[in-house]
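Each chain, written out:
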Amino acid sequence: SYSFCTLLGRESRKKKKKEKKKGKKMAGKVVVPRNFKLIDELEKAEKDPTSAGISLGLEDYNDIFMHNWNATIFGPMGTAFENRIYSLKIHCDKNYPNKAPIISFITKVSMDSVNSRGQVDIDKIPVMQNWKSDLSMMDCLMGIRQEMVGKERKTRQPPESNY
């Protein structure tokens, strides 16, 4: 059995926890609903369709949840990727933007950060490894392209084909 003082102390601690949580929500940044963020990303991609050698678009405009996207990365000049167009698919699950999107190459590519099925390894692309909800799919694609001009620039590429 509990004494009145023990119960009173317990209630007081619960109340302080609730107040602390409320304070965190109020003091933190504004949380943008998932679909608003995705619409914003779509609008930016449509306004600048080939930003930095990258294009991005919704796979199916009837997909009201905006889960599936298509992207293109133009092979950077002066690298083994030059003169190639790489097609990718992106999946934003219900946890996006709190969780990085799942990105896979459709076009075969040889990169340390891409597995044998074409899926990009989140742990090998710095922007995806250090994911924050204010980042975007375009940030991920620019991170992948950065790998192409960085340490992967001379990696021999397979003949053009798809996974």
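Asks: I'd love a proper account of the confidence of the model for the chain, names of residues and values included.
Replies: With 81% of its residues at a pLDDT of 70 or more, the chain has an overall mean of 86. Counting contacts from residues 22-26, a segment whose pLDDT is below 50, to residues more than four positions away or on other chains yields zero contacts.

Asks: Requested: an account of the packing of aromatic side chains, with residues and values cited.
Replies: How two aromatic rings sit relative to each other is given by the distance of their centres and the angle of their planes. For the coordinates displayed, the defined rule picks out three aromatic pairs. Their ring planes at 70° and their centres at 5.9 Å tell us that F81 and Y86 sit as a pair that is edge-to-face. What makes F81 buried here is its relative accessible area of 0%. Taken together, a centroid distance of 6.2 Å and an interplanar angle of 85° make the contact between Y86 and F105 edge-to-face. One end of the pair, Y86, is in strand β3 (residues 85-91); the other, F105, is in strand β4 (residues 102-105), and 19 residues separate them in sequence. On the basis of relative accessible area, Y86 is assigned to the buried category, the value being 0%. The class for F105 is buried, based on a relative accessible area of 1%. Through a chain of ring-to-ring contacts, three or more aromatic side chains come together here, namely F81, Y86 and F105.

The rules behind each value
Residues numbered from 1 in each chain as written. Predicted model: local features only at pLDDT ≥ 70, side-chain atom pairs only at ≥ 80, totals over all residues. Heavy atoms only, no water. pLDDT = per-residue confidence, 0-100. Contact = heavy atoms within 4.5 Å. Phe/Tyr/Trp six-rings, centres within 6.5 Å; stacked < 30°, edge-to-face > 60°. Buried < 20%, exposed > 50% of the residue type's maximum accessible area, 1.4 Å probe, protein only. Helix = DSSP H or I, 4+ residues; strand = E, 2+ residues; numbered from the N terminus.

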